[in-house]
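# Coordinates in review
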Amino acid sequence: QVQLVEAGGGLVQAGGSLRLSCAASGRTFSTYGMGWFRQAPGKEREFVAAIDWSGGSTYYEDSVRGRFTISRDNAKNSVYLQMNSLKPEDTAVYYCAADPGARARLAPSRWVGLNPDYWGQGTQVTVSS
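Cut-offs and rules
Residues numbered from 1 in each chain as written. Predicted model: local features only at pLDDT ≥ 70, side-chain atom pairs only at ≥ 80, totals over all residues. Heavy atoms only, no water. Pairing = 2+ DSSP bridges. Helix = DSSP H or I, 4+ residues; strand = E, 2+ residues; numbered from the N terminus. Axes fitted to C-alpha atoms, helices over the stretch in contact; angles between N-to-C directions. Salt bridge = Lys/Arg side-chain N within 4 Å of Asp/Glu carboxyl O. Buried < 20%, exposed > 50% of the residue type's maximum accessible area, 1.4 Å probe, protein only.

Strand order in the open sheet formed by 4 strands is 1-3-8-7, with antiparallel pairing between adjacent strands. With partners counted over all chains shown, the strands left at the sheet margins are strand 1 (4–7) and strand 7 (68–73), one partner each. The average angle at which neighbouring strand axes cross in this sheet is 15°, direction not considered. The pairing of strand 7 with strand 8 (residues 78–83) spans 6 bridges and is antiparallel. From the neighbouring strand, Phe68 faces strand 8, where its bridge partner is Met83.

In C-alpha cells:
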C-alpha cells in the first residue's frame, strides 16, 4: 500500500510556471513507477507524464513534451512535475499515481492507457489567459 499527497497547485498566468510535488508514504517508494495525470472540467482523465523507478527514463504526452519535466527523489519518497510555459488548456486537476507492476516500473511509455493502482487526491491548476 502507498498513500500519495499532492501539493503545489494554484492559479498562474499563461506563460508562467508551477512545480507540483507528490509525497508518498511507505518504504518501498523506489519500487514503484510514478506518473501524473490530469482531468479538465467535462473531460476524461488523461495521462501527462511518467517516470521509471530509478528516474532514468521518462515519457510525456505530446502536448506537454518540452514544457513539463517529471522527476523523482527516492530518498525523499517524492515525485515532481515542473510545468513551464503554461497554457490555459493546461487547466485541470492534476493527480499523482503509483504502480508497482513491472511495466510501470521499467517503461514509462507503457503508462499510456494504464490504470495505476494508487492515486492521490489531486491538486487544482488554473492557468489564466
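Next comes the rest of the account.
What follows concerns the pattern of salt bridges. All chains considered together, the criterion is met by 4 salt bridges. Put simply, Asp62 and Arg65 hold a salt bridge, and the shortest N to O gap is 2.6 Å. When its relative accessible area of 58% is taken as the criterion, Asp62 is described as exposed. Owing to a relative accessible area of 40%, Arg65 belongs among the partly exposed residues under this scheme. Taken together, the salt bridges that share partners define one network made up of Arg38, Glu46, Arg67 and Asp90.

This next bit is on the pairing of strand 1. Here strand 1 shows one buried face, formed by Leu4 and Glu6, and one open face, formed by Val5 and Ala7. The pairing of strand 1 with strand 3 (residues 18–24) spans 4 bridges and is classified as antiparallel. Counted as the bridge partner of Ala7 is Ser21 from strand 3.

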